[in-house]
Amino acid sequence: RFETFVAKELVGYVDSHYRTCPCRSARALVGASMGGHGACWIGFRHSDVFGAVGSIYGGVDIMPFSDKFGISNVLGAKEGNEELWRAHSCLTAAAALKPGDLEIITCVGTEDFFLDANRRLHKILNERGIRHSYLEIAGVDKSHSSHHEDFKRMVEPFVFGHIARYFNHRWRDRSER
């Protein structure tokens, strides 16, 4: 339901109530942590609606986290439902992308518990020939994990700057409008 709400209902409402450019090249999703999962999941599956996706320390693979984040409340227990869980992983959705479908930026800290999942997403995108920006940042204060508000504030300028450049480029290219 959330996927339908964001990709269809919310976009439709905004386009019908505000002066927007109602085209995919004027829309982006960005999220952090499980919001990064949501941004990637919805963006990867709805590249006809969104042109760009950003993820900050995103939980882009739910498979290793069957006992966390309330995922099993939605999908059921992972045991016996592994195909359903795999089908709801951003990694699976990324494997269906084609070059040029989306502008993608992801960033994660080297101390983050989602590091391995982000590395696997980066690998899948490379194998598929999907151009994307991947930032893996070391040197975060050891008193905080990379999965912390300080890290998010540090990388937001990179992520939102990347999205802004995407919009500026697309806006100048009148054929995208």
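Not measured: the values here are computed from a predicted model.

Caption draft 1: Examining a nonpolar patch on the surface more closely. Together, Phe2, Phe5, Leu10, Tyr13, Val14 and Tyr18 line one region of the surface with nonpolar side chains, adding up to about 610 Å² of accessible area. Counting through the fold element by element, leucine 10 comes out in helix α1 (residues 2–17). Overall, the relative accessible area of 35% leaves leucine 10 in the partly exposed class.

Caption draft 2: View of the packing of aromatic side chains. Applying the stated criterion to the full structure yields 4 aromatic pairs. A centroid spacing of 5.6 Å and a plane angle of 50° characterise the contact between tyrosine 166 and phenylalanine 167, whose relative ring orientation is tilted. On the accessibility criterion, tyrosine 166 (5% relative accessible area) is buried. Accessibility expressed as a relative area gives 28% for phenylalanine 167, which makes it partly exposed. Here the aromatic residues Phe69, Phe113 and Phe114 are joined through ring pairs into a cluster of three or more.

Cut-offs and rules
Residues numbered from 1 in each chain as written. Predicted model: local features only at pLDDT ≥ 70, side-chain atom pairs only at ≥ 80, totals over all residues. Heavy atoms only, no water. Patch = residues over 30% accessible without salt bridge, like charges linked within 9 Å, V, L, I, M, F, W, Y side chains within 5 Å. Areas by Shrake-Rupley, 256 points an atom, 1.4 Å probe, with all protein chains shown as cover. Salt bridge = Lys/Arg side-chain N within 4 Å of Asp/Glu carboxyl O. Helix = DSSP H or I, 4+ residues; strand = E, 2+ residues; numbered from the N terminus. Buried < 20%, exposed > 50% of the residue type's maximum accessible area, 1.4 Å probe, protein only. Phe/Tyr/Trp six-rings, centres within 6.5 Å; stacked < 30°, edge-to-face > 60°.

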